[in-house]
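# Structural overview
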Amino acid sequence: MATHTYVDLEIEEARYLANLVGIEYDLRTTIDWCEQFAQLTADRDKYWLVEPMTTAILVRFIRAFGGGKRYPDTKHILSILNEKEKEKYEYFKNVRSKHVAHSANEFEDNQVKAYYIKGAADNGVNSIGLGCARVVGLSSDDINAIHGICQTLMAKVKSEMELEKKKLMALVSTYTAEDILKFKMRVPKYPKEIDVAKDRR
């Protein structure tokens, strides 16, 4: 009976495929959440979830290609988008970066108001009030656009993954069994709080 096990291919040639695995996860979960979003907007009792779902979708969507350790190897994948999709991608990236993650643009308007009574004694001011207006969620059209962009990118990512697996299989087939067993089975690392600011390998 054959004994099956595995080793981790911690080689430079496998890095791109490892990066694609992370991107595939980000795109797949974004697609799933976009599909859940449509159900939320149809149920008024769940409408309060529109804002947190919008936040989650935008963060996960832009995370796929938004920078970090994976970006230098994978940014070329965005080039498959057509001009309209690229414009929408940049729009969503700005919503995420300038409104959701940071309070920077005019999608948020916080106000301090002086209420007064016309003709009253002194200057007529009788109280100070506060106001807040902001964009709290994406439209259904926006969510559909994100879903479509993700589907386009996902097809490219899966194609690249299959190609990279074939390349790695061809490379590994040149190794001896002894070479293979020099690699180790890496136990998943559970990060500690003190590691939060450290870049991974």
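Please refer to the structure higher up on the page.
Summary of the structure given here. None of these values were measured; they are calculated from a predicted model.

Okay, the overall build of the chain next. Helix and strand content of the chain: six helices and two strands. Moving toward the C terminus, one meets the helices and strands of the chain in the order α-α-α-α-β-β-α-α. The globule rule puts the C-alpha radius of gyration for 201 residues at 17 Å, and the 25 Å found for the chain is more than 25% above it. In terms of overall dimensions, the chain has C-alpha extents of about 95 × 40 × 35 Å along its principal axes.

Another aspect to go through is the state of the cysteines. Where two cysteines share a covalent bond between their sulfur atoms, that bond is called a disulfide. Counted under the stated rule, the structure contains zero disulfides. For the unlinked cysteine Cys-34, the closest cysteine sulfur is that of Cys-150, found at 5.9 Å.

On to the environment of Leu-9. Along the chain, Leu-9 turns up in the segment before helix H1 (12–41). A sequence separation of 74 residues divides Leu-9 from Glu-83, and the C-alpha atoms of the two residues are 38 Å apart.

For the rest of this paragraph, the subject is the environment of Leu-17. Along the polypeptide, Leu-17 turns up in helix H1. Once the C-alpha coordinates of Leu-17 and Ile-31 are considered, the two residues, 14 residues apart in sequence, prove to be 21 Å apart.

Applying the stated criterion across every chain yields a total of three aromatic pairs. Among the aromatic residues, ring-to-ring pairing joins Phe-61, Tyr-89, Tyr-91 and Phe-92 into one connected group.

Packed helices, taken two at a time, are described by the angle between their axes plus the distance between the axes. For the pair helix H4 (residues 83–100) and helix H5 (residues 140–172), interaxial distance at closest approach is 11 Å and the crossing angle is 115°. Crossing angle aside, the handedness with which H4 passes H5 is left-handed. Where H4 approaches H5, its residues Glu-85, Lys-88, Tyr-89, Tyr-91 and Phe-92 are matched on the opposing element by Asp-142, Ala-145, Ile-146, Ile-149 and Thr-152. Its residues assigned to classes, the contact of H4 with H5 comprises six nonpolar, one polar and three charged.

By the element assignment, Thr-74 lies in helix H3 (residues 71–74). Thr-74 sits in the buried class, given a relative accessible area of 0%. Aside from chain neighbours lying at most four places away, what touches Thr-74 is Tyr-16, Asn-19, Leu-20, Ile-23 and Phe-65.

Before going further, it helps to examine the pattern of salt bridges. Pairing is possible between side chains that carry opposite charge, provided their charged atoms lie close to one another. For the structure shown, the criterion picks out twelve salt bridges. When the shortest N-O distance is used, the salt bridge between Asp-26 and Arg-63 registers 3.0 Å. One end of the pair, Asp-26, is in helix H1; the other, Arg-63, is in helix H2 (residues 50–63), and 37 residues separate them in sequence. Via salt bridges that share partners, Glu-12, Arg-15 and Asp-73 belong to a single interconnected network.

This part is about the side chain of Arg-60. Looking at where Arg-60 falls in the secondary structure, it is placed in helix H2. Classification of Arg-60 by relative accessible area gives buried; the value is 19%. Within the structure, the side chain of Arg-60 is placed 2.8 Å from the side chain of Thr-29, a separation counted as a polar contact. Excluding residues that lie within four positions of it along the chain, Arg-60 makes contacts with Tyr-25, Asp-26, Thr-29, Thr-30 and Trp-33.

Further remarks concern the nonpolar core. Judged by nonpolar contacts, the single largest core of 37 residues is most densely connected at Leu-27, Phe-61, Phe-65, Phe-92, Ile-146, Leu-153 and Val-157. Looking at this core, the elements that each hand over two or more residues are H1, H2, H4 and H5.

Here is what the cut-offs are and how they apply
- Residues numbered from 1 in each chain as written.
- Predicted model: local features only at pLDDT ≥ 70, side-chain atom pairs only at ≥ 80, totals over all residues.
- Heavy atoms only, no water.
- Helix = DSSP H or I, 4+ residues; strand = E, 2+ residues; numbered from the N terminus.
- Rg over C-alpha atoms; globule rule 2.2 N^0.38 Å.
- Disulfide = S-S within 2.5 Å.
- Phe/Tyr/Trp six-rings, centres within 6.5 Å; stacked < 30°, edge-to-face > 60°.
- Axes fitted to C-alpha atoms, helices over the stretch in contact; angles between N-to-C directions.
- Left-handed = near helix turned anticlockwise from the far one by under 90°.
- Contact = heavy atoms within 4.5 Å.
- Nonpolar A, V, L, I, M, F, W, Y, C, P; charged D, E, K, R; others polar.
- Buried < 20%, exposed > 50% of the residue type's maximum accessible area, 1.4 Å probe, protein only.
- Salt bridge = Lys/Arg side-chain N within 4 Å of Asp/Glu carboxyl O.
- Polar contact = N/O pair within 3.5 Å; in protein donor to acceptor, adjacent residues only side chain to side chain.
- Core = buried A, V, L, I, M, F, W, Y, C linked by side-chain atoms within 4.5 Å.

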